[in-house]
Amino acid sequence: MSMDFRGIFPGRFFRGIGNAFRRFAFLVMAGWATLAVYYSDLPPFFRPVIAGLFAVGSLAVLTVGYRLRGARLVFLATFTIVLVWWLLIPPSNTKNWQPDVVLLPWAAIDGERVTIHGIRNVDYRTETDYTVRHYDRTFDLARMKSVDLFVVYWGSPLIAHTMLSFGFAGGDYVCFSIETRKEVGEEYSSIKGFFKQYELTYIIGDERDLVRLRTNYRKEQVYLWRLRTPMDLARKVFLDYLRTVNRLRDRPEWYNALTSNCTTNIRGHTVPYAPNSRFDWRIVINGFIDRMIYDRGMVDRGLPFEELKRRSLVNERAQAAGKDPAFSRLIREGPLR
């Protein structure tokens with residue numbers, strides 16, 4: 001039996017709800033467009049001026065001019081121009097990059113043998129004083145034996161940086177860190193990460209670089225989670241990573257703090273080979289991703305979560321290992337499960 005709500009609520013109630021929704025949508029659109037202009041690559045003088053004019057005009061439409069159909073149409077037309085302009089901003093591989101991200105890695109794939117060119121192993125003296133080094137190495141996919149997830153907390157406990165590391169028989173590890181490719185003098189901003197300010201880069205690195213930078217120099221909290229992943233799936237994900245790495249050398253892409261970041265892209269590489277994988281809000285609020293993988297049984301659940309997390313913190317072991325060539329083995333020793 002259907003129910004006619006018109007007999008309960010007057011028509012003006014529904015019109016009020018509709019108007020409130022439209023006003024809210026206009027407000028979101030105005031806020032996004034204002035920030036898109038403000039954080040654009042327009043000349044520094046024009047950015048705040050144009051953004052300010054757009055914000056003031058939008059506010060006028062949302063208040064005194066909202067009842068005027070012409071005012072709303074002008075707002076929508078202006079927003080459309082900003083949106084189209086923003087969508088057409090192209091990413092680039094030819095900027096004045098910071099030294100640690102100048103070189104883009106690439107891989108030659110020959111059946112089960114994969115040669116990765118440009119594995120990064122920076123020699124750090126401090127976080128900002130370092131010598132950039134790279135090396136090439138060939139890996140036999142048949143000898144892949146492990147996949148580990150590093151979860152790095154660098155600020156708010158709600159947000160983390162994630163890195164995936166693949167281990168091979170003989171003690172070799174290759175770590176992937178999906179990051180922003182910053183230019184000289186550029187700093188990371190969470191807000192700018194939504195507005196095409198950074199190109200996307202996949203750093204393929206030695207754990208003495210990617211992990212030690214965070215534990216020994218940035219003093220961030222780094223947790224190592226040993227994943228229970230079938231090796232046939234791991235090999236497919238590994239190759240999917242490398243196909244993206246090769247593509248980015250020819251076709252740069254934008255980093256996006258919501259849709260194309262260190263964690264959403266891990267899921268993007270996994271989903272094609274694990275079709276039953278379901279979306280989880282902790283992929284977006286990724287400071288809780290460790291709890292997600294525990295709840296899903298992706299790690300050993302022989303210990304309570306809090307105890308396993310305590311054992312997974314590798315900072316002390318990484319600081320003790322320093323530049324030791326056995327760094328990867330040393331950070332995995334002790335109570336890790």
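Residues numbered from 1 in each chain as written. Predicted model: local features only at pLDDT ≥ 70, side-chain atom pairs only at ≥ 80, totals over all residues. Heavy atoms only, no water.

**A word on the overall build of the chain**
Item 1. Looking only at helices and strands, the chain features ten helices and ten strands.
Item 2. In terms of its C-alpha atoms, the chain occupies a principal-axis envelope of roughly 70 × 60 × 40 Å.
Item 3. Within the chain, the fraction of its 337 residues that count as buried is 45%.
Item 4. For the chain, the share of sequence-separated contacts (at least 6 apart) that also reach a separation of at least 24 residues comes to 67%.
Item 5. About 17,800 Å² of surface is accessible on the chain, with carbon and sulfur atoms providing 59% of the total.
Item 6. Here the chain holds 48 positive side-chain charges and 34 negative ones, and the gap between their average locations is 8 Å. (Helix = DSSP H or I, 4+ residues; strand = E, 2+ residues; numbered from the N terminus. Buried < 20%, exposed > 50% of the residue type's maximum accessible area, 1.4 Å probe, protein only. Contact = heavy atoms within 4.5 Å. Areas by Shrake-Rupley, 256 points an atom, 1.4 Å probe, with all protein chains shown as cover. Lys, Arg positive; Asp, Glu negative; His and termini not counted. Charge placed at Lys NZ, Arg CZ, Asp CG, Glu CD.)

**Notes on the pattern of salt bridges**
Item 1. Tallied over the full model, the rule gives 24 salt bridges.
Item 2. Two residues, glutamate 253 and arginine 247, come together in a salt bridge whose shortest N-O distance is 2.8 Å.
Item 3. If you follow the salt bridges from partner to partner, you end up with Asp280, Arg282, Arg291, Asp295 and Arg296 in one network. (Salt bridge = Lys/Arg side-chain N within 4 Å of Asp/Glu carboxyl O.)

**Quick look at the side chain of arginine 181**
Item 1. Within the secondary structure, arginine 181 sits in strand β8 (residues 172-181).
Item 2. For the buried arginine 181, which has no salt bridge, the nearest side chain bearing the opposite charge is glutamate 199, at an N-O separation of 7.1 Å.
Item 3. A distance of 3.1 Å separates a polar atom in the side chain of arginine 181 from a polar atom in the side chain of asparagine 93.
Item 4. Here valine 102 takes part through its backbone oxygen, which lies 2.8 Å from a polar atom of the side chain of arginine 181.
Item 5. Here arginine 181 is in contact with Asn93, Trp97, Val101, Val102, Leu104, Glu186, Glu199 and Thr201, once residues within four sequence places are set aside. (Polar contact = N/O pair within 3.5 Å; in protein donor to acceptor, adjacent residues only side chain to side chain.)

**A look at a nonpolar patch on the surface**
Item 1. Taken together, the side chains of Trp154, Leu158, Ile159, Tyr188, Phe194, Leu258, Phe279, Trp281, Val284, Ile285 and Phe288 present a nonpolar region at the surface, about 990 Å² in accessible area.
Item 2. Mapped onto the fold, isoleucine 159 is located in the loop between β6 (144-153) and β7 (161-168).
Item 3. On the basis of relative accessibility, which here comes to 32%, the residue isoleucine 159 falls in the partly exposed class. (Patch = residues over 30% accessible without salt bridge, like charges linked within 9 Å, V, L, I, M, F, W, Y side chains within 5 Å.)

**Focus: the nonpolar core**
Item 1. One finds Ile116, Phe166 and Phe238 to be the most contacted residues of the largest nonpolar core, which totals 48 residues.
Item 2. Per element, the largest residue contribution to this core is ten residues, and it comes from helix α5 (residues 231-250).
Item 3. Filtering out sequence-adjacent residues up to four positions away, phenylalanine 166 remains in contact with Met144, Ser146, Val147, Asp172, Tyr173, Val174, Phe176, Ala234, Val237, Phe238 and Tyr241. (Core = buried A, V, L, I, M, F, W, Y, C linked by side-chain atoms within 4.5 Å.)

**Structural notes on unusual backbone geometry**
Item 1. We note that lysine 196 has phi near 55°; this positive angle belongs to a residue other than glycine.
Item 2. Tracing the backbone shows lysine 196 in the loop between β8 and β9 (199-205).
Item 3. The exposure class of lysine 196 is buried, given its relative accessible area of 11%.
Item 4. Unusually for a residue other than glycine, lysine 219 sits at a positive phi of about 60°.

**Quick look at the packing of aromatic side chains**
Item 1. For the structure on display, the rule yields 25 aromatic pairs.
Item 2. Ring centres of tryptophan 32 and phenylalanine 195 lie 6.4 Å apart, and the angle between their planes is 40°; on these two criteria the pair is classed as tilted. One end of the pair, tryptophan 32, is in helix α1 (residues 11-38); the other, phenylalanine 195, is in the loop between β8 and β9, and 163 residues separate them in sequence.
Item 3. Judged by its relative accessible area of 7%, phenylalanine 195 falls in the buried class.
Item 4. Judged by centre distance (5.4 Å) and plane angle (80°), the ring pair of phenylalanine 45 and phenylalanine 46 falls under edge-to-face.
Item 5. On the basis of relative accessibility, which here comes to 60%, the residue phenylalanine 45 falls in the exposed class.
Item 6. The positively charged end of arginine 291 is found above the aromatic ring belonging to phenylalanine 305, 4.7 Å away from the centroid. (Phe/Tyr/Trp six-rings, centres within 6.5 Å; stacked < 30°, edge-to-face > 60°. Lys NZ or Arg CZ within 6 Å of the ring centre and 35° of its normal.)

**Regarding α5**
Item 1. With 20 residues, α5 should reach 28 Å at 1.5 Å per residue; the first-to-last C-alpha distance of 30 Å fits that figure.
Item 2. Within α5 the residues assigned to the buried category are Met231, Leu233, Ala234, Val237, Phe238, Leu239, Asp240, Tyr241, Leu242, Thr244, Val245 and Leu248. (Expected span 1.5 Å × (residues − 1).)

**Quick look at helix α8 (residues 305-312)**
Item 1. Within α8 the residues assigned to the buried category are Phe305, Leu308, Lys309 and Ser312. All buried residues of α8 project into a common sector of 100° when viewed along the axis, lining one side. Set apart from the buried face of α8 by more than 90 degrees, the exposed residues are Glu306 and Arg310.
Item 2. Those residues of α8 hidden inside the fold are in contact with β6, β10 (221-226), α7 (289-295) and α9 (315-321). (Arc of directions from axis to C-beta.)

**Some words on the environment of proline 304**
Item 1. You can see proline 304 is positioned in the loop between α7 and α8.
Item 2. Residue proline 304 is classed as exposed on the basis of its relative accessible area of 55%.
Item 3. Residues proline 304 and leucine 103 lie 201 residues apart in sequence; the distance between their C-alpha atoms is 42 Å.

**A word on the environment of phenylalanine 21**
Item 1. Tracing the chain through its elements places phenylalanine 21 in helix α1.
Item 2. Phenylalanine 21 gets classed as exposed once you look at its relative accessible area, which sits at 58%.
Item 3. Here the alpha-carbon distance between phenylalanine 21 and proline 272, two residues 251 residues apart in the chain, equals 37 Å.

**Topic: the pairing of β8**
Item 1. Of all ten residues that make up β8, nine are buried, and the element is covered over most of its length.
Item 2. Summarising the sheet, β7 and β8 pair through six bridges and their orientation is antiparallel. What sits directly across from phenylalanine 166, in β8, is valine 174.
Item 3. The turn linking β7 back onto β8 is made up of three residues, and glycine 170 within it adopts a positive phi angle of 100°.
Item 4. Here β8 runs beside β9; their pairing, made up of seven bridges, is antiparallel. In the sheet register, glutamate 179 faces β9, and the bridge partner there is threonine 201. (Pairing = 2+ DSSP bridges.)

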